[in-house]
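Here is what each chain is made of, one letter per residue.
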Amino acid sequence: SAKNLEEENEFLRQQIGYTMNEADRLVLAYVSYPDQNPFTEKVILNVGSSAGVKVGDLAINANSLVGKIIKVSLHTSELELINNNSSVFPVVIKSSKDTKGIMRGELADKLLIVNNLLKDTAINIGDSVVLSTDKNYFTNSELLVGRVKQVKVESNEAYQEVIVEPIIYLVN
């Protein structure tokens, strides 16, 4: 019933510590099946435009980012997982000084990469990586993406690359 659905939504909001703004909306979805192409990280969800899902909507699990909606039909939608090679998200690395960057997926290793960060930026293994709120996504809470697994610095380069291990377990 509608009352049960509203109660379930409120329970989920409490779990992730999320306070809704008027413009925000949450839609409960389940994975119907993975994309048939084994070389992509996409899944098909059981909700579509009839539930208010739109292209560009974010998918979350608890307080972590899962991916972004890239295609919508009436009753289903296609979710591109964060480790898909074409996934790109603005992020903040929460270190001694917050560092903004652009994260992209790395399909082969199920990892995430933030590159083109100035070499002298202090980033440590274990630092949290969260979705940047520059686009006002979920402004009342930070969506955790993962933690810094490795920092690659070449002595002859001006930039460093950060390898991020996603907080969610990605399978396909």
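Here the residue numbering is sequential within each chain, running from 1 through the sequence in written order. In keeping with the predicted nature of the model, local features appear solely for residues at pLDDT of at least 70, side-chain atom pairs appear and are counted solely at 80 or more, and the whole-chain, interface and lining totals rest on all residues. Heavy atoms throughout the structure, all of them, feed into the side-chain values; hydrogens and water do not.

As for the side chain of Asp127
Summarising the element assignment, Asp127 is placed in the loop between β8 (111–118) and β9 (128–131). A 1.4 Å probe rolled over the protein chains alone gives each residue an accessible area, and that area as a share of the maximum for its type sets the label: buried under 20%, exposed over 50%, partly exposed in between. Only four residue types enter the charge count: Lys and Arg as positive, Asp and Glu as negative, with His and the chain ends excluded. When a carboxyl oxygen of Asp or Glu lies within 4 Å of a side-chain nitrogen of Lys or Arg, that pair is called a salt bridge. As a buried residue without a salt bridge, Asp127 has its nearest oppositely charged side chain in Arg147, at a separation of 7.7 Å. Between two residues, a contact is recorded if the distance between any of their heavy atoms is within 4.5 Å. In this structure, Asp127 is in contact with Ile93, Lys94, Ser95, Gly146, Arg147 and Val148, ignoring residues within four places of it in sequence. Secondary structure follows DSSP: runs of H or I at least 4 residues long count as helices, runs of E at least 2 residues long count as strands, and numbering of each begins at the N terminus.

Quick look at the packing of aromatic side chains
Each aromatic pair joins two rings of Phe, Tyr and Trp (for Trp, the six-membered one) with centres within 6.5 Å, and gets the label stacked for planes under 30 degrees apart, edge-to-face for over 60, and tilted for any other angle. Summed over all chains, the structure comprises zero aromatic pairs. When the ring centre of Phe89 is taken as reference, the NZ or CZ atom of Lys68 above it lies at 5.0 Å. A positively charged side chain is recorded as over a ring if its NZ (Lys) or CZ (Arg) lies within 6 Å of the ring centre. The angle to the ring normal must also be within 35 degrees.

So, the pattern of salt bridges
As enumerated under the stated definition, the model contains five salt bridges in all. In this structure, the salt-bridge partner of Lys94 is Asp98, at a minimum N-O distance of 3.0 Å. Among the ionic pairs, Lys152 bridges to Glu161, the shortest N-O distance being 3.9 Å. For Glu161, a relative accessible area of 21% puts it in the partly exposed group.

Notes on the nonpolar core
In this text, buried Ala, Val, Leu, Ile, Met, Phe, Trp, Tyr and Cys residues form a nonpolar core when linked through side-chain atoms within 4.5 Å. In terms of nonpolar packing, the biggest core is built from 18 residues, with Ile93, Val114, Val145 and Val162 touching the most fellow members. For this core, the secondary-structure elements that each account for two or more residues are β6 (88–94), β8, β9, β10 (144–153) and β11 (159–166). The contact partners of Val162, leaving out residues within four places of it in the chain, are Ile93, Leu112, Ile113, Val114, Leu117, Ile123, Val148 and Gln150. Val43, Ala59, Leu79 and Leu81 belong to the second largest nonpolar core, which has ten residues in total.

Some thoughts on the side chain of Ser87
On the secondary structure map, Ser87 appears in the loop between β5 (77–81) and β6. At a separation of 3.2 Å, a polar atom in the side chain of Ser87 contacts the side chain of Glu80. There is a polar contact of 2.8 Å between the side chain of Ser87 and the backbone oxygen of Leu81. The contacts of Ser87, once residues within four sequence positions are left out, are Glu80, Leu81, Ile82, Met103, Arg104 and Gly105. For this analysis, a polar contact is any N or O atom pair within 3.5 Å, provided that within protein one partner can donate a hydrogen and the other can accept it, and provided that sequence-adjacent residues contribute only side-chain to side-chain pairs.

Focus: the pairing of strand β7 (residues 99–106)
Note that β6 and β7 share six bridges and pair antiparallel. Along β7, the bridge assignment pairs Phe89 with Met103. Joining the antiparallel neighbours β6 and β7 is a turn of four residues. Relative to β8, β7 is paired through four bridges, and the arrangement is antiparallel. What sits directly across from Gly105, in β8, is Leu112. One requirement defines pairing of two strands: DSSP has to find at least two bridges between them.

With respect to the confidence of the model for the chain
In predicted models, pLDDT denotes the confidence assigned by the predictor to each residue on a 0 to 100 scale. For the chain, per-residue confidence averages 80 on the pLDDT scale, and 75% of positions sit at 70 or higher. A low-confidence stretch, residues 136–140 (pLDDT under 50), is modelled with twelve contacts involving residues beyond four sequence positions or located in other chains.

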